[in-house]
Amino acid sequence: MTILVKPRALFIGLSLLCLLAVWLSLALGPVSLPLFDTLRAALRLIGLPIAADGLEQAELILGQIRLPRTLLGLAVGGVLALSGVAMQGLFRNPLADPGLVGVSSGAALGAAIAIVGGSIFGGLPEAFGPYLLSLCAFIGGLGVTALVYRLGRRNGQTHVATMLLAGIALTALAGSAVGLFTYLADDATLRTLTFWNLGSLNGASYARLWPLLLITAGVALWLPRRAKALNALLLGESEAGHLGIDVERLKRELVFCTALGVGAAVAAAGMIGFVGLVVPHLVRLLAGPDHRVLLPASVLAGGSLLLFADLVARLALAPAELPIGIVTAFIGAPFFLYLLLRGRA
Amino acid sequence: MRLSTHVAALCAGLLVSYHAVAAELPQRWVSAGGALSEWVCALGGESKLVGVDTTSQHPQTLKALPSIGYQRQLSAEGILSLRPQILIGTEEMGPPPVLSQVRSAGVQVELFSAQPDLPTLQANLQHLGKLLGAQDRASQLLQGYQQQLEQQKVRVTRAQLQEKSPGVLMLLGHAGGKPLIAGKDTAADWLLQKAGGHNLAAHSGYKPFSVESLVSLDPDVLVFADRALTGDAARAALFKENPILSSTRAARDGRVIELDPTLLVGGLGPRLPDALKSLSEGFFPGSAGQ
């Protein structure tokens, strides 16, 4: 694969793109704020002593609505893209997606249980209620992934092909369970379930944001340390082993990071497809398959892509809002087809 | 002289406070809930509405207003961009973080119950009347509504003395295809009962049915609500997509009644009594016009 862009140029470019995405995400929205007010409110939020006259609305919209939403978009996009790289490295297949190890379907099952069965848990303490959906989705994603990983292990070895097939089987099983909950749901919960499956950054609040930010930071700091090992894995499992890499440990870490990262992202924002698949590809097209570049660059590219998609989601039909999953799939699916067909020409 | 100054002062005071109250009433409304929007219009507040959700389909003029999306999936900034002073909705409105964001922006958020019963409606109407400054109109509307439902009850009891309650199935579909059957604990079931019909479906919620069990229940009357089509087109589509329906007694006797599906969401709306009346006329053809 040819390298179109030097790593340094790529990082500078992606950082600028990311800054642009953050700025647009903070500056644009259904409520049109004067640019100057946005700037002053942003400076006030950082803590600079600027007079508050007439800035109440700008500060509220910036601080309570757009900033948590922007952070959520960055974290979700970044961690989904990272997990995509991890999965494509683990399966040594560019078509791999974080959903392959069952984390998405597990999270969907957890969410369906929370949404449809929520009334059964009615006796839970008040403070717990709003987070039930996120918790169930997170636990569901982690649980199903753990099961897939267990099924892929034999004699102390993880068989990637078995794990892949186990992932497909458990995804189907979780899908049928979600179907059963869909059947049991009444009209209102059915709508909630449908919208959850399309994902949204809407209603982001700091309380939901912190766990995701911590996990994203952890995954984003940890995975790049394993970039060399991932590069070696590209050669094949035994080859990587001969190069002195503990392949079993690497696989365990990749699956764990993906389950944690995607689980947290899905718990915070619902299902958002195609980011984990498309972003690593994009970066690989530009800068080649070296994981030392691919991993950090994917974080920046994933975050930026999701912020741009969210801008479309909230501006296209304002004052109503599109679920962001529709936008990412709308961009992602044609791109995926292009990748598939490009090789044939 | 002294007395009259006092009286004048009192009058002036009352006038001022009255105006103050009127000025404090919210003037820019956003409504997320079909039946609520209808009531706001019925109370003369249509000109105050600046945005409605996708379930607000009646009166037709509401469709010209900006849409804030589906009531359970609202966007805080989208709503704020309409600069409302009040947001009303049922307990289905959400998600909760968005509501608290809207609230913290200084918008009054009022929640109403969508429970389909008269005490709830009474409370809702009184509350709405107060918020719109139309208490008198609200109690008039409520009185009329109660009367109509009372007449409906009498009509049904009288009819049931002369005729057997018909067995009814209520089909909710989209352009005729794969209709869902309304079971217990649905707004549709409540409607059928109030109109004097006997709902043959015993499950709860809206569920798909196999055509065989549909035919074996052999309904006397079919009520259908179609989300895509209306009138004869909807009727034709229903029988074209489900030919087996033509063999039911309801179809043979030509007792197939159409219902507006928007009546089934968001609690008791102002169009309900008329809908009930026409339903029970279809259920008890012998007693119609009494």
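Further up the page is the structure itself.
What you are looking at is a predicted structure, and each value in this text was computed from that prediction instead of being measured.

Participant: Mind showing me how you'd approach helix α2 (residues 35-46) of chain A here?
Facilitator: Side chains three or four residues apart in an α-helix point the same way, a direct result of the helix having 3.6 residues per turn. Here α2(A) is twelve residues long and its end C-alpha atoms lie 17 Å apart, about the 16 Å a rise of 1.5 Å per residue gives. Once α2(A) finishes, G47(A) follows within two positions and takes phi at roughly 120°, a positive value.

Participant: Explanation requested: the pairing of strand β9 (residues 221-226) of chain B in the structure shown.
Facilitator: Residues and elements named next belong to chain B. Taken across its six residues, β9 has six buried, putting it largely inside the fold. Residues V221, V223 and A225 line one face of β9 and the alternating positions L222, F224 and D226 line the opposite face, and both faces are buried. Looking at chain direction, strand β5 (residues 167-174) and β9 are connected through six bridges and run parallel. Counted as the bridge partner of M170 is V223 from β9. Two strands pair when backbone bridges link them, and β9 and strand β10 (residues 256-258) are joined in this way by three bridges, in the parallel orientation. In the strand pairing of β10, F224 is matched with E258.

Participant: How do you make sense of the interface of chain B and chain A when you look at a structure like this?
Facilitator: Accessible area lost during the coming together of the parts is what is often quoted as the interface size. At the junction of the two partners, chain B supplies 26 residues and chain A supplies 22 residues. Those elements that place two or more of their residues in the side of chain B that touches chain A are α3 (76-80) and α4 (96-104) of chain B. Residues of the side of chain B that touches chain A, tallied by class, amount to 13 nonpolar, ten polar and three charged.

Participant: Explanation requested: the environment of T216(A) in the structure shown.
Facilitator: Residues and elements named next belong to chain A. Assignment of secondary structure puts T216 in helix α8 (residues 206-222). Residues T216 and C18, 198 residues apart in the sequence, show an inter-C-alpha distance of 16 Å. Those residues in contact with T216, other than ones at most four positions away along the chain, are A75, G78, V79 and G261.

Participant: Before we go on, may I ask you to explain the sheet that holds strand β1 (residues 29-32) of chain B in this structure?
Facilitator: The pairing of strands in a sheet comes from backbone hydrogen bonds and takes either a parallel or an antiparallel form. Residues and elements named next belong to chain B. On the basis of which strands lie adjacent, the open sheet formed by four strands has the order β2-β1-β3-β4 and parallel pairing. With partners counted over all chains shown, the strands left at the sheet margins are β2 (49-52) and β4 (108-112), one partner each. Neighbour-to-neighbour, the strand axes of this sheet turn through a mean angle of 20°, independent of strand direction. Note: strand β3 (residues 86-90) against β4, five bridges, orientation parallel.

Participant: So what exactly am I meant to see when it comes to unusual backbone geometry here?
Facilitator: Peptide bonds are mostly trans, and most non-glycine residues show a negative phi. All names here are of chain B. At the junction of H58 and P59, the peptide bond is cis and its omega measures out at -10° in the coordinates. Cis geometry marks the peptide bond from G94 to P95, where omega comes out at -5°. If you trace the backbone, P95 turns up in the loop between β3 and α4. In this model, R83 sits at a positive phi of 50°, which is unusual for a non-glycine residue.

Participant: Whenever I open this one, the environment of V299(A) confuses me. Can you help?
Facilitator: All names here are of chain A. By the element assignment, V299 lies in helix α13 (residues 291-315). The exposure class assigned to V299 is buried, which follows from the 27 C-beta atoms found within 10 Å. Residues V299 and A220, 79 residues apart in the sequence, show an inter-C-alpha distance of 7.5 Å. Beyond its immediate chain neighbours, meaning those up to four positions away, V299 contacts G78, A81, L82 and A220.

Participant: Explain the nonpolar core here, please?
Facilitator: As a rule of thumb, nonpolar side chains are buried together in soluble globular proteins. By size, the foremost hydrophobic cluster in this structure holds 179 residues, and its most contacted members are V76(A), L82(A), A111(A), A265(A) and M170(B). Here the element with the most residues in this core is helix α3 (residues 56-90) of chain A; it accounts for 18 residues. In this structure, this core is formed jointly by two domains, domain 1 (26-140) and domain 2 (164-287) of chain B, each of which donates at least three residues. Setting aside its immediate chain neighbours within four residues, V76(A) contacts A265(A), A268(A), A269(A), I272(A) and L306(A).

What counts and what doesn't
Residues numbered from 1 in each chain as written. Chains lettered and ligands numbered in written order. Predicted model: local features only at pLDDT ≥ 70, side-chain atom pairs only at ≥ 80, totals over all residues. Helix = DSSP H or I, 4+ residues; strand = E, 2+ residues; numbered from the N terminus. Expected span 1.5 Å × (residues − 1). Buried ≥ 20, exposed ≤ 12 C-beta atoms within 10 Å, placed from the backbone. Pairing = 2+ DSSP bridges. Contact = placed C-beta atoms within 7 Å. Nonpolar A, V, L, I, M, F, W, Y, C, P; charged D, E, K, R; others polar. Axes fitted to C-alpha atoms, helices over the stretch in contact; angles between N-to-C directions. Core = buried A, V, L, I, M, F, W, Y, C linked by C-beta atoms within 7 Å. Domains from an automatic or database assignment.

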